[in-house]
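# Structural overview
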Amino acid sequence: MSSELESVISLCRMVQSGRIEPFDIDFDYVMGVIRKHYPGIKNVKGFCLDAEALKELSSVLERQNQWIAHKSSTLYKDPFMLSQSLMRMDIGAIADAFLKSWHPVVEMEQISARTLAESLGYWGGLIPLDERWQDLEVAERETGTATMQEAYDLGLILTEGFAELLEGFWRELGERTGVGGVIDYWDWIGADTYRDTVYRAYLTVFMVSHGYANVHHDRLLEETKIIHNPEPRPDPEKPKVSLLMMVDYEEWRLWRQS
Amino acid sequence: MAAKLTKTERAYARKVKDAVQLLFFTHHRLPGVRGWELRKELGSDWRNVLDVLDKQIKPLDLQVTRAFDEPDIVEPTSAQLQDARYYITLRGTVDQKTAKTIGWRIDDIAGLAVSVAYLISKQGKAPRVDVERVLQEKLPGWRVKLNLDRYIHQGYLGADEQGVMYLDWRSRAEIDNKKLVDLVVGFGKKEREA
């Protein structure tokens, strides 16, 4: 019983792969096979096979519909006529026909003067390999112990979980902008010291990627805004948004001066 | 009023420049930019910006072209336009001499033309063995396999794990399918009619 359904499924799949034409399939015959086997289904496997046959048959119908649409379009030419024409043409004539309908894509790969200048700057600041790979001077030190409080004080252990930290940060954003409000990126991350500014930018990236806030970047005006999200959506099932934020020291210095 | 107009014009010129950078330079693995990316970068009037750019590059024999994932779309909706991929392509065509200088042998061009025409006649899909059989009518067997692999690598043709070939992104972007089919079918018609 199942082998008949399986052969019907494989027949339908031949249409999907272009091995046979959509109208080579006799819809009434395939439907008849499915209908014949339906009352005899006794287990889940049988139902799955039945459903699969129906799904494949519906795909055939879809292909038949596309076939009719294609045949009624101006693009349609009888495949036999087309292949006969191709057989009559010599290679030069076929190439000519192709070239008359070919508009190749134009693309450029070029390094800009700015990228070059930045790369040179990077190269200049790069420490030579023999200096970077110098043997580390290791001194033997006595191991010691520290209390939990000392570890907290040194900043080695966070006093609260990361999620709580983000929520606290999100609340601060809400207080400064109002619910659903907007603030300029630098006004939001900017702090008295560069270290604190980097820390706030770091948390902002996580706040945005975890759904606590949104970011809007206007390329024309070169402005970035942080938008408070009234309802945070830290859904672990949802994919996280990856966000790249620049915290340029010069920009921070200018922001401080202004 | 005049100052405001100048400002608008300047903003528009800047948008056209942005469009040039987006469309000419390869930003992803594949060339071209999706409509929604252009909208995001150029604003809601992105289609007008593309029209202006198209006019400006016309004297250079270039044009802004779009290709849909579904080849049969005739009157696209706004959503389909945003999903389409936009490219800069040659407005005119190249002759055999020029094609040779950009690395195409006449056999390679003819092989691609036959593969594309055959796939179009099969509604865009056919088993690789069938395409190979058609090409083997005029090309040696070793060359057929080599050429098909090359067309796949260049993005003109695609093949799935079942060995079914289809027209890939570059064919949709670069080849005027209707014109190709018309030229093939109409070959020798004029002489016969005369």
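Look above for the structure.
Below is a short write-up of the structure.

Reading the values: rules and limits
Residues numbered from 1 in each chain as written. Chains lettered and ligands numbered in written order. Predicted model: local features only at pLDDT ≥ 70, side-chain atom pairs only at ≥ 80, totals over all residues. Helix = DSSP H or I, 4+ residues; strand = E, 2+ residues; numbered from the N terminus. Expected span 1.5 Å × (residues − 1). Buried ≥ 20, exposed ≤ 12 C-beta atoms within 10 Å, placed from the backbone. Arc of directions from axis to C-beta. Contact = placed C-beta atoms within 7 Å. Nonpolar A, V, L, I, M, F, W, Y, C, P; charged D, E, K, R; others polar. Pairing = 2+ DSSP bridges. Axes fitted to C-alpha atoms, helices over the stretch in contact; angles between N-to-C directions.

### Examining helix α8 (residues 141-154) of chain B
Residues and elements named next belong to chain B.
- In this model, α8 (14 residues) spans 20 Å end to end at C-alpha, consistent with the 20 Å of a helix rising 1.5 Å per residue.
- Within α8, burial applies to V144, N147, L148 and Y151. Taken down its axis, α8 places every buried residue within 100° of arc, on the same side. Looking at α8, the residues exposed on the side facing more than 90 degrees away from the buried face are W142, D149 and H153.

### Details of the interface of chain A and chain B
- Opposite the 40 residues of chain A that make contact, chain B presents 54 residues.
- The set of elements that each furnish at least two residues to the side of chain A that touches chain B consists of α3 (44-72), α4 (79-88) and α5 (91-100) of chain A.
- Ranked by the residues each element gives to the side of chain A that touches chain B, the list is headed by α5 of chain A, at ten residues.
- In the side of chain A that touches chain B, the residues fall into 22 nonpolar, ten polar and eight charged.

### What to know about the sheet that holds strand β1 (residues 182-184) of chain A
Residue and element names in this part refer to chain A.
- Pairing is antiparallel in the open sheet, where three strands are placed in the order β1-β3-β2. Each edge of the sheet is formed by a strand with only one pairing partner; in this case those strands are β1 and β2 (213-218). Taking the axes of each pair of neighbouring strands and ignoring which way they run, one obtains an average angle of 25° across the sheet.
- Sheet analysis places β2 next to strand β3 (residues 223-228), joined by six bridges and oriented antiparallel. Bridging from a neighbouring strand, A213 pairs with H228 of β3.
- Strand contacts of helix α9 (residues 162-177): β1, β2 and β3, with the helix running at about 105° to β3, the strand carrying the most contacts.

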